[in-house]
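# Residue-level structural notes
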Amino acid sequence: MSDPTYLTLEGLTLRYGDTVAVEGLDLAIGKGELVALLGPSGCGKTTTMRAIAGLLAPSAGAIRLDGADITRVAANRRQVGLVFQSYALFPHLTVFDNVGFGLRLKGLRGTALRDKIEAGLTSVGLAAYAGRKPPELSGGQQQRVALARSMVMEPKVLLLDEPLSNLDARLRLDMRTELQRVQAQTGVTMIFVTHDQAEALALADRIVVMRGGRIEQIGAPEDIYNRPVSRFVADFVGFENIFSIRDGKLWAGEAVVPLPAALPAVAGLAFRPRSVVLGAGPLNGVVRGASFAGGTREYVLDTPFGPIKAEADAGLPVHEPGANVAFDLPIGQAAPLKAD
Amino acid sequence: MSLRFPAALVLSLVILFLIGPFLIIVAASFSAGDTLAFPPQGFSLKWIAKVFTVESFRQSFVTSMILAVGGTLVALALGVPAAYAMSRYRLPFAETVRTIVSAPVIVPGIIVGLALLRYVVVPMGVPITLALFLAHTALVLPYAVRVVSASLANLRSDIEEAAILLGSSRLGAFFDIVLPNIRGGILAAFILGFVTSFNQVPVSLFLSGPGVRTLPVDMLGYMEIVFDPSVAALSSLLAFLSMGIVLAAERFLGFSRYV
Amino acid sequence: MFHNRTEALLLALPAAAFAAIVFLVPVVVLLSESFRSPAGWSLAAYWTFFSEPLNQAVFWRTLKLGLQVTAVSAVIGYAAAFAIVSLPPGSKGRMVGLIMLPLMISPVARTYAWIVILGRTGIVNQALHGLGLTDAPLRILFSETAIFIGLLQLFLPLMIISLISALENLPRDVVPAARVLGANWLQIFWKVILPLTREGLVIGGTLVFTGSLTAYITPAILGGSKVLMLETLLYQRVTVANDFVSASVIALILVVMSFATNLLLKRIATARART
């Protein structure tokens, strides 16, 4: 990576009136990185993004971009691009004028202006729509115009607010590819905000999991996915069976999980449904529900210590609802949690 | 955004500009002095008391009240069926009807007053009071229709049809189903009409005569002769009356939903 | 939906007939009188009217003040509307109520206050004298300035309310988007907010303009008999000179101006409904 501290947030604290949305945030993002801010609503990810854009002034802390302190720089002078969740296209201007808006403000005119706009539109495949107005475009097309509008400004950092949330499955894939292409082609540093772990895992070089205004975990997608550090992150990336370790025993809430195996010296264990071994093992449960999910079968088991979610290959024999099943939670398959 | 301070400043100045003068009038009504001035010299209730003793004010107040209440009632009696017809039927010439009924909003009141005086009162010997009453009713009619129409638009028409299928007559359905549900709108229309009629000046300018005057016109006339705080006192009282009615309506009705 | 056309007409007829007879007919007859002359229909009355310098002055003054009040109320209106839309919901409602409140008070009361403020011994003069800025009291009352102030106060709430409505209907995020693209506040206002709130501006503008053109009380109280506007001129022609012909000429001018601006309003409303 060329400059690992291209964009840094140092001790960033952001307030909305009396509520503290983000507290003492430290983050360093490298030039050309694609970073996802992942978390549930209210975790401060959007607030952080708006602070980077300059739409929100920090109560404490600093933001540095490409060596310069931009904490007090006005939003219209930061060279940061932002693609809004609502796209925020100007309805009274054509696609052409929308894309050219920022360029015109910089003083570009005539052929220089036109060439840049056309290049921008061509790169998102919308050159033919230059004369249309936003209400005439589909949601996916509007988003690409918004993207082009930001990218023609050649920003140092491109921010995207929930870029894939409004799209249906097929468009989501298209836009994901589009964003990766833009990044590969221009090398722009990209930060996007999302509440969807699948989006984050698919797109990002690094994921920053946020909660309650603080960072829970930073890491590459594989790290986040396989080695969540806490119950919160584990839950977020799809671990369904999460236990704490206290006094050398495994606890599911207030009930003990009678696993005879030796427990590692960590705060908790998280098991994915597919890690649960059905059919043999030291533990017992009754099948409460079974559903067919194409390639797998999903089970919910009632046990003395609470419900367990398990997943088995569809080809294996079915465990009917009401049946008693022996199962195992192999420690080796669990993600160790460093914190609760 | 660093616009908080200038925004607050602008807003305070605007509110001051809009309401300040009225507050000055209220303050002046409590003046102990003999002329209308601000700051008021001393504190006294004498001007407020005086207002009630001026004979012409009493007469014109009654006139204004009769016009406002009566005119609005008649306007509603005419307007509610018309609004109903426009909303529940495919009315032939609907646009024409709407235009005719709304026209008084477009034509300046003073012209209406003059026209009635010249072509109705004088040649046909229609008493001024009647002409005044008709003029005020015509003035309030557009508001009545508009507000009640809005209320009707919010009421689904299929409930009337349901009532009819259950055996109700058309008229019965109207009184049992429609009326109770647009009650709020009718009341709002009444209050709006009342306030509009009461405060109206231009229409009543030409249509006044001995003993026949609306209160605002009377106040105007008084102001030209005597410049003392009684007009201020009267203005304050009337203003509080209007505001009180509207605020009460807002409180108990959610008035602003209908206008 | 009911389909009996006779019923419909019967329900609507009383109101329509009433309005037509009581209002439409007399007014139309009055307006037609402006075209009457001994030789039949003609525009003679208009020539006579406009050939008099006083009438010309009154006409232009009325138009001028109408435009001035509209322009100034637009500027102040935007500022106030911005301030209000950025308030939290509770305060916003209270502010809007406060702005609307003056509309419930009789125009006589609202205009009357200016006499106390602008008169020779009024607040403004007292303040100026107290600050040592003037020796003799300034004559502010009974002037175009006084009428301007009175009209502005009367109609500003209408403009503010229109603009609030328009600002609240701005598409989400267009202002921050323009900001991030490099626009300063003046550019944002001119290139984004103004074009997108144009309708609200026109609605507010026509309300203020029509109101100012057809005002009676304010010019009567603050202009007196020296500074006339079209409606006070009309009143004077009738009560002082019994000149009904002039009156009907003025009446027609007023109706045409009022009608034209209302037509514009309707056009905007239907254009908007179509998009």
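Since this is a predicted model, take the numbers as computed values, not measurements.

### Structural notes on the overall build of chain C
When helices and strands are tallied, chain C shows 13 helices and two strands. With 275 residues in all, chain C has 45% of them scored as buried. In chain C, of all internal contacts separated by at least 6 residues, the share reaching a separation of at least 24 is 73%.

### Details of the packing of helix α4 (residues 94-106) of chain B against helix α6 (residues 128-153) of chain B
All names here are of chain B. At a closest axis distance of 8 Å, the pairing of α4 and α6 adopts a crossing angle of 115 degrees. Here α4 and α6 pass one another in a crossing that is left-handed. For the pair α4 and α6, the contacting residues are Val101, Ser102, Pro104 and Val105 in the first and Ala138, Leu139, Leu141, Pro142 and Val145 in the second. Within the contact of α4 with α6, the residues separate by chemical class into eight nonpolar, one polar and no charged.

### Focus on the packing of helix α3 (residues 55-88) of chain B against helix α9 (residues 183-199) of chain B
Residues and elements named next belong to chain B. Here α3 crosses α9 at 140 degrees, and the two axes come no closer than 9 Å. Here α3 is positioned oblique relative to α9, judged by the angle of their axes. Along this stretch, α3 crosses α9, giving a crossing that reads as right-handed. Contact with α3, carried on its side by Ser64, Leu67, Ala68, Val69, Gly71, Thr72, Ala75, Leu76 and Val80, involves Ile186, Ala189, Phe190, Gly193, Phe194, Ser197 and Phe198 of α9 and no other residues of that element. Looking at the contact of α3 with α9, its residues break down into eleven nonpolar, five polar and no charged.

### Comments concerning the domain arrangement of chain C
What the domain assignment reports for chain C is domain 1 (1-42) and domain 2 (53-274). Domain 1 of chain C and domain 2 of chain C are separated by 32 Å when their C-alpha centres are compared.

### So, the nonpolar core
One finds Ala82 and Ile111 of chain B together with Ala19 of chain C to be the most contacted residues of the largest nonpolar core, which totals 157 residues. If one sorts the elements of this core by residue count, helix α7 (residues 144-168) of chain C sits on top with 15 residues. Ignoring sequence-local partners within four residues, the contact set of Ala19 of chain C consists of Ile100, Val101, Ala103, Ala138 and Leu141 of chain B together with Leu24 of chain C.

### Things to note about the interface of chain C and chain A
Contact residues are listed per partner, giving 17 residues for chain C and 18 residues for chain A. Among the elements that take part in the side of chain C that touches chain A, helix α8 (residues 174-180) of chain C stands out by supplying six residues, more than any other.

### Considering the interface of chain B and chain C
Taken together, the 66 residues of chain B in the interface contact 65 residues of chain C. The biggest single contributor to the side of chain B that touches chain C is helix α1 (residues 4-29) of chain B, with 14 residues.

### A short note on the domain arrangement of chain B
All names here are of chain B. In terms of domains, chain B is made up of domain 1 (1-44) and domain 2 (54-257). With centres defined by C-alpha atoms, the gap from domain 1 to domain 2 works out at 31 Å. Taken together, the nine residues of domain 1 in the interface contact eight residues of domain 2.

### Topic: the confidence of the model for chain B
Overall, the predicted model of chain B reaches an average pLDDT of 84, with 95% of residues at or above 70. At the low end of the mean pLDDT range in chain B sits helix α7 (residues 158-165) of chain B, at 79; at the high end sits α3 of chain B, at 91.

### Points about the environment of Ile117 of chain C
Mapped onto the secondary structure, Ile117 of chain C falls in helix α5 (residues 107-118). Taking C-alpha positions, Ile117 of chain C is 17 Å from Leu133 of chain C, a pair spaced 16 residues apart along the chain.

### Section: the environment of Phe43 of chain B
All names here are of chain B. As for its position among the elements, Phe43 is in the loop between α1 and α2 (46-53). Overall, the presence of 9 C-beta atoms within 10 Å leaves Phe43 in the exposed class. Between the C-alpha atoms of Phe43 and Leu13, which are 30 residues apart in sequence, the distance is 27 Å. For Phe43, the residues in contact, after removing those within four places along its chain, are Phe30 and Ala32.

### As for the sheet that holds strand β17 (residues 306-313) of chain A
Residues and elements named next belong to chain A. Ordered in space as β17-β16-β15-β18, the four strands form an open sheet in which the pairing is antiparallel. The outermost strands of the open sheet, each flanked by one partner alone, are β17 and β18 (324-328). When strand polarity is set aside, the average angle formed by the axes of neighbouring strands in this sheet is 50 degrees. Here strand β15 (residues 277-292) runs beside β18; their pairing, made up of six bridges, is antiparallel. If you follow Val286 over to β18, its bridge partner there is Asn324.

### Section: helix α1 (residues 45-53) of chain A
In terms of residue burial, α1 of chain A counts as a mostly covered element, since nine of its nine residues are buried. All of the buried residues along α1 of chain A are Lys45, Thr46, Thr47, Thr48, Met49, Arg50, Ala51, Ile52 and Ala53 of chain A.

The rules we used
- Counting restarts for each chain: residues are numbered from 1 in the order of the written sequence.
- By the order in which they are written, chains take letters starting at A while ligands take numbers starting at 1.
- Thresholds applied to this predicted model are a pLDDT of at least 70 for local features of residues and 80 or more for the giving and counting of side-chain atom pairs; totals over whole chains, interfaces and linings are not thresholded and use all residues.
- Here a helix means four or more residues in a row that DSSP labels H or I, a strand means two or more in a row labelled E, and each is numbered from the N terminus.
- Every C-beta atom is placed from the backbone, and the number of other C-beta atoms within 10 Å of a residue's own sets its class: buried at 20 or more, exposed at 12 or fewer, partly exposed in between.
- Distance between backbone-placed C-beta atoms decides contact: two residues are in contact if it is within 7 Å.
- To define axes, lines are fitted to C-alpha atoms, for helices over the stretch in contact only, and angles between the resulting N-to-C directions are given on a 0 to 180 degree scale.
- What makes a crossing left-handed is the near helix being turned counterclockwise from the far one by less than a right angle; a clockwise turn instead makes it right-handed.
- In this classification, the charged set is Asp, Glu, Lys and Arg, the nonpolar set is Ala, Val, Leu, Ile, Met, Phe, Trp, Tyr, Cys and Pro, and all remaining amino acids, among them Gly, are polar.
- Each angle gets one of four labels, with under 35 degrees taken as roughly parallel, over 145 as roughly antiparallel, 65 to 115 as roughly perpendicular, and the rest as oblique.
- Each domain's extent is set by a domain assignment, obtained either automatically or from a database.
- As used here, a nonpolar core is made of buried Ala, Val, Leu, Ile, Met, Phe, Trp, Tyr and Cys residues. They are joined through C-beta atoms within 7 Å.
- Residue-level confidence of the predictor is summarised by pLDDT, bounded by 0 at the bottom and 100 at the top.
- DSSP bridges decide pairing: two strands pair if at least two such bridges lie between them.

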